[in-house]
Amino acid sequence: MSPRRTNAPGRVDRARSIRFSFDGKIFAGHPGDTLASALMANGVTLFGRSFKYHRPRGVLTAGVDEPNALVTLIRGDVREPNLPATQVEIYEGLEAVSQNRFPSLSFDVGAVNQLGGKLLGAGFYYKTFMGPVIGPLKGTRFWMFCEHFIRRAAGLGRAGTAKDTARYERMNAFCDVLVVGSGPAGLKAAREAAGDGGRVILLEMDPLFGGSARWSGGRIEGTDAAHWVEETVSGLRELPNVRLLSRTAAWGYYDGNTIAATERVADHKREAAKGEPRQRHWVIRAKKVVLATGAFERPIVFAGNDRPGVMLASAAARYASDFSVLPGERIAVFANNDSAYANAALLREAGATIVAIVDMRAAISEDARRLASECGGELLTGHAVVATEGGKGLTGFKVQKFDAATGSLTGDPRVISADLLAVSGGWSPAIHLASQAGAGKAEWDATLQAFLPPKPAQDWTAVGTAAGDFSGGHGLDVAPAPVFEIRAGGKAFVDFQHDVTADDVRLAHREGFVSVEHLKRYTTLGMATDQGKTSNVPGLAIMAEALGKPIPEVGTTRFRAPFSPVSIGAIGAERIGDLRPDRLTPMHDWHVGQGAKMYPAGLWHRPAIYGAPGETVEQAYIRETKATRSAAGIVDVSTLGKIMVQGPDAAEFLDRVYTNLFSTLPINKARYGLMLREDGFAYDDGTTWRLAEHDFLMTTTTANAGKVMQNLEYFLDVYWPDMKVTLTSVTDEWAGASIAGPRARDILASVVAGTAVDNETLPFMGIVRGEVAGVPVMICRLSFSGELAYEVYSGAGHGQQVWDALIEAGQPFGLVPYGLEALGTMRIEKGHVTGAEIDGRTTARDLYLDWMLSKKKPFVGSAMMDREGLVDENRIRLVGLVSLDGRPLNGGAHLVEHNDPTALRDSIGHITAVCFSPSLGKYIGLALVKGGKKRHGTRAYVSDPLRGRFGPVEIVSHHMFDPEGKRMHG
Amino acid sequence: MAEYSVFSLLRNAFSAQPDWKPAWRKPDPKPEYDVVIVGGGGHGLSTAYYLAKEHGITNVAVVERGWLGQGNIGRNTTMIRSNYLLPQNQHFYEHSVKLWENLSHDLNYNVMFSQRGCLNLANSPSQLDDFARRGNAMRHVGIDAELMSVEQIKAFLPALDINFGGRFPVYGGLMQRRAGTARHDAVAWGYARGADRRGVDMLENCEVTGFLRDGDRIVGVRTTRGEIRAKKVAVAVAGHTGQLMKMAGINRLPIESHVLQAFVSEGLKPFMDTVVTFGAGHLYVTQSDKGGMVFGGDIDGYNTYAQRGNLPIVEDVMSELAAMFPGLARVRLLRSWGGIMDMSMDGSPIITTGPLPGMYLNTGWCYGGFKATPASGWCFAWTIARDEPHPYNAAFTLDRFHRGLVIDEKGQGSTPRLH
Amino acid sequence: MLITCPYCGPRDLAEFTYQGDANRARPDPASTDQAAWNVYTYDRVNTLGDHAEYWQHSGGCRAHLKMVRSTLTHAISSVEFVRPHPGHKPSSRRKPGAAP
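Residues numbered from 1 in each chain as written. Chains lettered and ligands numbered in written order. Predicted model: local features only at pLDDT ≥ 70, side-chain atom pairs only at ≥ 80, totals over all residues. Heavy atoms only, no water.

Student: Hey, could you run me through the overall build of chain B in this one?
Tutor: Across its full length, chain B carries 11 helices and 18 strands. Its C-alpha atoms give chain B a radius of gyration of 21 Å, within 12% of the compact-globule value 22 Å for 419 residues. In terms of overall dimensions, chain B has C-alpha extents of about 65 × 60 × 40 Å along its principal axes. The buried share among the 419 residues of chain B stands at 71%. Across chain B, every contact between residues at least 6 apart in sequence was considered, and the portion connecting residues at least 24 apart equals 75%. Total accessible area on chain B stands at roughly 11700 Å², and carbon and sulfur atoms take up 51% of it. For chain B, the centre of its 43 positive side-chain charges and the centre of its 40 negative side-chain charges are spaced 3 Å apart. (Helix = DSSP H or I, 4+ residues; strand = E, 2+ residues; numbered from the N terminus. Rg over C-alpha atoms; globule rule 2.2 N^0.38 Å. Buried < 20%, exposed > 50% of the residue type's maximum accessible area, 1.4 Å probe, protein only. Contact = heavy atoms within 4.5 Å. Areas by Shrake-Rupley, 256 points an atom, 1.4 Å probe, with all protein chains shown as cover. Lys, Arg positive; Asp, Glu negative; His and termini not counted. Charge placed at Lys NZ, Arg CZ, Asp CG, Glu CD.)

Okay, here's the thing in structure tokens:
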């Protein structure tokens with residue numbers, strides 16, 4: 001095989017040259033070339049190695065269905081593996097390497113696998129590598145030893161680990177009619193839809209619109225087809241209601257007529273233009289979809305059909321007519337239908353010698369006979385190719401007399417010398433998107449020997465060859481002889497990339513893997529990167545023959561997205577570098593400026609500590625805690641969920657959703673509330689403030705803010721639609737600062753205007769309004785730390801201003817900012833619960849919050865909270881812990897009764913939160929243990945094998961510091 | 001039937017593979033069996049195998065609507081682990097891992113269980129505490145677990161972006177080394193072949209259309225291949241339990257059917273050799289022996305029986321994968337598919353006698369059914385044979401929901417889409 | 001999947017949160033019928049075919065919608081507000097497929 005560039009007209013712009021490299025060698029091509037066409041123009045015929053046997057492979061197709069010619073593109077550190085060379089447009093400096101070969105493409109030691117070909121048949125792995133039943137390699141060890149080498153041999157290209165520097169973009173689009181495919185049928189559909197005035201989007205995978213009509217000759221609507229395409233496309237371009245997208249492959253058909261497509265915006269360029277993404281992920285919602293997706297030509301299964309130089313007839317013709325590359329000089333054709341004759345004519349027109357046309361049919365149409373005689377060369381009807389010859393490229397093939405009805409071969413084989421064998425085994429409509437769209441099964445057409453689209457389950461129609469209508473184009477009859485395989489011995493490939501042979505299909509049959517899904521799974525037929533575009537129907541046909549059943553009774557597989565492989569980056573688009581929103585409080589920059597170490601808390605970022613230079617985390621939180629308990633501390637509480645509950649029925653609503661009563665709460669007072677889930681388990685807690693008769697401000701935990709809001713809305717909308725209540729999330733509207741400590745009141749008194757903050761004006765759980773630094777604020781006296789404490793809320797936009805004023809006012813009193821670690825320390829000392837204890841599996845009783853379960857009213861969860869599983873004696877319940885060996889405890893450590901570090905058994909519970917308590921001078925923690933309170937005063941052992949910690953603890957009440965609450969009431 | 005070994009492979013390779021017979025027979029239904037198992041998926045097939053092997057009950061039929069293994073056994077991401085928090089799940093799944101460890105030998109069929117480990121990444125300090133709690137819980141019942149530091153994780157998974165683009169830094173991880181992956185289809189075929197060799201009938205293309213009743217008692221099934229009587233009828237039809245049970249007059253169950261999508265990329269040379277999960281979102285990923293990255297995320301989150309998902313989850317999962325392994329942004333998604341999950345109300349399964357006399361029920365696997373395949377069949381077989389559960393599945397009752405004895409690994413209550 | 005919110009018009013699935021089976025009857029809050037509460041909380045009809053269910057337009061107007069949607073084809077046959085909105089007329093300006 002010696003392909004070469006011709007002077008035929010086509011898409012390639014010979015006036016300009018492009019330099020690129022393949023396996024380190026520099027080549028030249030032209031704009032318009034694919035990597036496949038450019039390499040062929042340079043005489044390259046060997047493109048890749050197959051998956052299993054590492055057989056040399058050339059180019060089989062000219063498009064998305066290519067199974068053989070896969071390459072990896074390299075841009076700096078970034079690698080893009082497994083691209084069909086038939087789809088890669090070359091650009092200046094393109095660097096491509098071949099795959100799955102060592103040390104080189106032409107000499108690949110992996111080809112030794114061919115010797116074991118029969119051993120490596122379908123199902124091979126299932127039957128061996130199990131290893132010895134006893135001894136050091138028992139269990140999974142022998143298999144894993146073997147697997148290590150198998151994994152290295154498997155796979156195709158190598159992925160990079162470097163970050164992909166490209167940008168991806170997501171685009172939503174809406175239209176009345178979406179046309180997929182721009183062949184004549186698609187162009188006509190677009191023209192018609194545009195004429196109706198609707199918004200039309202036309203998608204084309206190729207860089208150029210028009211499909212094969214651009215290069216295959218023929219006439220459309222009375223004019224030259226290529227000209228017709230040009231006219232029609234430019235006509236569409238002028239219409240304001242039509243959007244044409246080339247290099248855009250529709251790959252997914254989802255519900256609601258939603259089509260996912262990927263546009264290759266800059267893949268064909270050396271550099272993307274400024275602001276241009278590499279690829280664009282289109283999500284298109286169309287009222288109607290027209291599927292003009294065309295059809296794929298099928299190969300024929302015969303011995304040696306994978307040798308470089310065996311190519312689909314339509315692909316060979318396209319290289320000659322569209323890419324100006326003659327894929328061979330002495331070309332033979334092997335076909336079971338008339339379409340190949342038109343392609344032979346195109347090849348001859350481009351300058352090739354047609355040495356023979358081998359047709360397995362005894363009788364052919366007049367049209368075919370005429371074309372054959374125009375082509376010259378031998379016409380061998382009633383013949384079949386039985387073998388190919390050559391090394392890594394075709395030099396000739398053998399033919400024998402063939403009876404298409406019986407499949408029998410007679411007479412002596414004859415050798416015909418040729419450097420390209422153009423094959424056509426019939427056509428399969430591209431029904432992939434139609435199949436994805438919904439429920440129906442593809443329908444078998446016996447004339448075409450192909451599956452047609454199913455009945456539409458969504459609003460689409462199929463047109464042109466995608467619908468099985470081949471009347472356009474060259475006008476030849478594409479109905480093939482129903483022959484998919486020539487059985488003459490030797491390896492005859494069905495799935496080229498995965499090296500599935502016809503014998504593998506028959507072995508699957510012999511072993512009972514006869515349903516189409518079993519066939520696929522057992523042999524891996526159709527599972528390669530080309531997704532069986534060339535192999536599905538031949539594979540099914542061979543199985544059908546083995547079963548003695550018609551093809552449709554064997555079944556067809558349903559196609560799943562994507563139609564052809566899509567970059568993971570493109571689908572992830574902008575979200576890759578921006579996985580979730582960052583939620584930042586108004587004082588965020590201040591925290592960072594103060595050197596705070598930030599922790600993620602859900603979507604929020606919160607200060608963990610404000611470390612001084614040289615301080616450890618523990619030193620920092622101890623310092624912050626001590627300062628707060630001895631003077632004052634300030635913490636940013638803006639992240640708490642905040643929900644306005646308003647309306648005449650607001651109090652009643654709260655009574656229903658909280659376990660305790662809120663209707664009795666006086667105006668300008670706050671109350672701590674607990675919510676249960678419907679199933680009776682604890683859900684969330686927080687304080688709710690009554691701002692006016694019908695106005696409540698509910699706070700939730702930071703983590704549950706969104707869920708609680710949604711839950712409340714659900715109850716209001718679905719179950720209590722008559723209640724006059726509105727809910728508004730105001731989390732982001734308010735900035736919150738909590739000032740705690742013995743000097744907190746003094747600080748506030750020095751900075752708050754418009755109200756007193758003394759005990760009488762602002763008692764525990766009281767609310768006042770005033771001003772700080774000229775900013776209106778709302779102050780509620782409540783305490784999480786156990787200290788005298790106040791939450792100061794202001795409009796979020798003024799949060800920093802208020803914060804600054806509080807910090808400044810606090811200076812003389814020793815006010816320090818504190819973070820989550822100190823916050824946690826103080827709440828642990830007090831025995832207050834958070835998400836570590838309200839973990840979705842604990843009950844109010846487990847947490848000794850049963851005093852909050854009102855008996856005066858039903859509430860969400862009240863009917864379910866007394867079921868046997870929720871009141872079991874053996875449940876784990878909240879306790880405090882004190883480390884008895886003076887060493888720190890770890891969150892997530894377990895507790896046991898026995899003093900044996902090696903006996904890992906009989907956990908009685910686990911630690912939920914730990915700290916060093918500056919107030920008690922000890923390492924303490926909270927835990928959930930079986931029996932809870934009953935264990936107060938007893939000893940247990942912390943058992944933490946994950947971190948190698950074992951030691952004694954005393955179980956105590958979770959109220960470890962100031963249990964009477966004197967400090968906060970002071 | 002030929003024993004599978006490297007010797008039988010060689011012999012057949014050089015003699016046109018004459019010994020290879022169907023992996024299982026294709027018999028016609030008998031009029032009556034001791035046990036009819038409805039559902040020829042992984043759990044139904046393993047149940048049949050262990051009924052025969054462990055309990056000597058071989059007059060058994062597996063009744064399958066389509067082809068064996070057409071359900072979730074062939075639609076999952078092949079991950080196997082026993083890294084559970086709650087003791088009821090721990091004991092059960094650990095028993096499963098132990099069965100997995102010897103399964104290829106037991107079945108004389110290589111199911112390719114590769115113990116390459118499962119690493120849960122913690123993306124916040126509190127999540128690391130949660131993982132420590134779970135890991136320590138595992139260690140206290142004899143399951144392997146270890147915490148990995150950020151440095152260890154970096155060395156173990158060089159391709160990982162340890163900061164997830166700066167948004168979700170990794171704080172550590174929980175590793176179970178004995179976890180891993182297996183070849184999913186091979187599990188179905190291995191069990192089918194193993195059960196068949198012990199005399200169990202595989203009845204494919206045999207759809208159940210109703211139950212035969214004697215008063216309250218279930219005494220057989222009506223199928224598209226005729227009526228089949230049975231002393232015991234066991235139901236293991238993940239995804240379609242609700243529909244089947246309606247035929248028996250049970251109209252409500254603590255089950256919702258949801259679709260879970262799974263994804264595979266094009267084949268790559270070895271990229272990573274473990275299972276890894278992302279803590280701040282929902283993503284789990286591994287690499288198959290053929291080289292494809294196999295991964296999945298959340299269920300779509302609404303009731304469905306269609307084996308097709310929607311685009312928002314696809315976009316979520318791809319963005320998380322590319323954030324985890326930035327080099328994979330340029331790798332291409334090859335295939336996606338969907339499986340129908342029986343989502344239970346607490347995220348844990350049901351393996352029980354009843355709910356009608358003569359009936360046995362196996363359901364509620366959410367998206368954890370694949371790893372459970374051996375233990376599920378083993379326990380279900382025990383339950384069927386002895387009319388009482390084994391201690392491993394004693395907690396997996398149908399009445400636990402009403403009684404409040406829920407097994408809620410995720411602490412999400414009765415909202416299936418959150419489990 | 002596209003859901004046509006009565007307020008906002010047709011919007012993508014991604015804007016909505018599934019709020020579950022609408023075939024459940026929540027007992028009267030004061031009811032002490034434990035069995036009824038149990039069935040409400042845990043037991044589902046899990047319909048094959050047209051399924052009545054709740055969705056919230058959580059990424060939009062936040063209204064809860066009651067829909068009938070096929071669990072076989074995902075085709076939506078009706079969408080309405082769960083909580084009556086007196087005086088609200090579905091917008092005629094927003095047609096399915098129209099730009100938002």
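Student: Got a minute to help me understand unusual backbone geometry in this structure?
Tutor: When glycine is set aside, most residues are seen to have a negative phi, and most peptide bonds are trans. Cis peptide bonds are those with omega within 30 degrees of zero, and the linkage from A561(A) to P562(A) qualifies with -5°. Of the consecutive residues G354(B) and P355(B), the connecting peptide bond is found in the cis state with omega at 5°. Relative to the helices and strands, P355(B) is located in the loop between β17 (350-353) and β18 (359-363). A positive phi angle, near 65°, is found at N82(A), a position not held by glycine. Within the secondary structure layout, N82(A) lies in strand β7 (residues 78-84). Even without glycine at this site, F164(B) takes up a positive phi of about 50°. Turning to its location among the elements, F164(B) is positioned in the loop between α6 (150-156) and β6 (172-176).

Student: Would you mind showing me how to read the sheet that holds strand β45 (residues 775-780) of chain A here?
Tutor: Hydrogen bonds between backbone groups are what pair the strands of a sheet, and the pairing can be parallel or antiparallel. Residues and elements named next belong to chain A. Taken together, the seven strands give an open sheet; going across it, the order is β43-β44-β45-β46-β42-β36-β47, and neighbouring strands pair in mixed fashion. The open sheet terminates on both sides in strands that have one partner only, identified here as β43 (752-753) and β47 (815-817). When β45 meets strand β46 (residues 789-795), the two strands line up antiparallel, connected through four bridges. Looking across to β46, one finds that V777 is bridged to S794. (Pairing = 2+ DSSP bridges.)

Student: Would you mind going over empty space enclosed by the protein with me for this structure?
Tutor: One way to see where empty space is left: roll a probe the size of a water molecule over the atoms. Scanning the entire structure with this criterion turns up 18 cavities of 30 Å³ or more. Taken as a whole, the largest cavity spans an internal volume of roughly 340 Å³. Lining of the largest cavity is provided by 25 residues; of these, L83(A), R264(A), D267(A), Q279(A) and R332(B) occupy positions nearest its centre. Taken together, the elements giving at least two residues each to the lining of the largest cavity come down to β6 (70-75), β7, β14 (248-254), β15 (258-264) and β33 (566-567) of chain A. Counting residues per element, the lining of the largest cavity draws most heavily on β7(A), at three residues. Across the lining of the largest cavity, the residue classes tally to 10 nonpolar, six polar and nine charged. Put simply, the second largest cavity is a space of about 220 Å³. Looking at the second largest cavity, it is lined by 22 residues, and the ones nearest its centre are F451(A), G532(A), N536(A), V537(A) and F559(A). By residue number, the principal contributor to the lining of the second largest cavity is helix α11 (residues 536-547) of chain A, which donates four residues. (1 Å grid on protein atoms, 1.4 Å probe; cavity = no way out; pocket = protein on both sides within 12 Å on 5 of 7 lines; lining within 4 Å. Points joined across faces, edges and corners; volume = space filled by probe spheres on them. Nonpolar A, V, L, I, M, F, W, Y, C, P; charged D, E, K, R; others polar.)

Student: Even after reading the chapter, I still don't get the nonpolar core, so can you show me in this structure?
Tutor: Generally speaking, a soluble globular protein has its nonpolar side chains buried in company with each other. Membership of the largest hydrophobic core comes to 158 residues, with the highest contact counts inside it found for L35(A), F47(A), Y319(A), F92(B), W100(B), Y109(B) and M202(B). If you tally residues by element for this core, the top one is helix α10 (residues 369-386) of chain B, at nine residues. The contact partners of W100(B), leaving out residues within four places of it in the chain, are I80(B), V111(B), F113(B), A182(B), V187(B), F370(B), K371(B), T373(B) and P374(B). Listed in part, the 67 residues of the second largest apolar core include L665(A), Y683(A), L253(B) and V82(C). (Core = buried A, V, L, I, M, F, W, Y, C linked by side-chain atoms within 4.5 Å.)

Student: Please clarify how the interface of chain C and chain B should be interpreted in this entry.
Tutor: For an interface, size is often stated in terms of accessible area lost upon the parts coming together. Counting residues at the interface gives 27 residues for chain C and 26 residues for chain B. Of the roughly 2300 Å² buried between chain C and chain B on both sides combined, carbon and sulfur atoms contribute 51%. Area buried by chain C at its contact with chain B is led by Y42(C), R44(C) and N46(C), which between them contribute 31% of it. Here E256(B) ties to R44(C) by a salt bridge, and the two come within 3.0 Å at their closest N and O atoms. (Buried area = accessible area lost by both parts, 1.4 Å probe. Salt bridge = Lys/Arg side-chain N within 4 Å of Asp/Glu carboxyl O.)

Student: How should I be thinking about the packing of helix α18 (residues 744-751) of chain A against helix α19 (residues 799-810) of chain A in this particular structure?
Tutor: For any two helices packed against each other, the geometry comes down to the angle between their axes and how far apart the axes lie. All names here are of chain A. With their axes 9 Å apart at the nearest point, α18 and α19 run at an angle of 115° to one another. Relative to α19, the crossing made by α18 is right-handed. Across the interface between the two elements, I747, L748, S750 and V751 from α18 touch A805, L806, A809 and G810 from α19. (Axes fitted to C-alpha atoms, helices over the stretch in contact; angles between N-to-C directions. Left-handed = near helix turned anticlockwise from the far one by under 90°.)

Student: What should I look at first to understand the packing of aromatic side chains in this one?
Tutor: What characterises a pair of aromatic rings is the spacing of the ring centres plus the angle enclosed by the ring planes. Inspection of the entire model under this criterion finds 57 aromatic pairs over all chains. Judged by centre distance (4.7 Å) and plane angle (65°), the ring pair of F513(A) and W189(B) falls under edge-to-face. Of this pair, F513(A) sits in the loop between α9 (502-510) and α10 (516-523) while W189(B) sits in helix α7 (residues 184-197), each in a different chain. The exposure class assigned to F513(A) is buried, which follows from its relative accessible area of 0%. (Phe/Tyr/Trp six-rings, centres within 6.5 Å; stacked < 30°, edge-to-face > 60°.)

Student: I keep staring at the interface of chain A and chain B and nothing clicks. Help me out?
Tutor: Taken together, the 124 residues of chain A in the interface contact 115 residues of chain B. Taking both partners together, chain A and chain B bury about 10000 Å²; carbon and sulfur atoms supply 55% of that area. If you sort the residues of chain A by the area they bury against chain B, R151(A), I568(A) and L946(A) come out on top, with a joint share of 9%. Counting the contacts that link chain A with chain B gives 15 salt bridges. The salt bridge partner of D582(A) is R167(B), with a shortest N-O separation of 2.9 Å.

Student: Looking at this structure, I do not really get the pairing of β14(A). What am I missing?
Tutor: Each regular strand carries side chains that alternate between the two faces of the sheet. Residue and element names in this part refer to chain A. Of all seven residues making up β14, seven are buried, and the element is well covered by its neighbours. Direction of pairing for β14 relative to β15: antiparallel, over a ladder of six bridges. Across the sheet, residue T248 finds its bridge partner in β15, namely E263. What sits between β14 and β15 in their antiparallel hairpin is a turn of three residues, with G256 showing a positive phi close to 70°.

Student: Can you walk me through a nonpolar patch on the surface in this structure?
Tutor: Residues and elements named next belong to chain A. Residues F102, F107 and V109 make up a contiguous nonpolar surface patch of about 340 Å² in total accessible area. As for its position among the elements, F102 is in the loop between β8 (95-98) and α2 (141-153). When its relative accessible area of 58% is taken as the criterion, F102 is described as exposed. (Patch = residues over 30% accessible without salt bridge, like charges linked within 9 Å, V, L, I, M, F, W, Y side chains within 5 Å.)

Student: Sorry, what's going on with the pattern of salt bridges here?
Tutor: Side chains that differ in sign of charge can pair as their charged atoms come close. Residue and element names in this part refer to chain A. Within the structure shown, the criterion is met by 94 salt bridges over all chains. Between E263 and R280 there is a salt bridge, with the nearest N and O atoms lying 3.1 Å from each other. Here the residue E263 occupies a position in strand β15, and R280 occupies one in strand β16 (residues 279-291), the gap between them amounting to 17 residues. On the basis of relative accessible area, E263 is assigned to the buried category, the value being 12%. Assessed through its relative accessible area of 16%, R280 is described here as buried.

These figures capture arrangement, not role.
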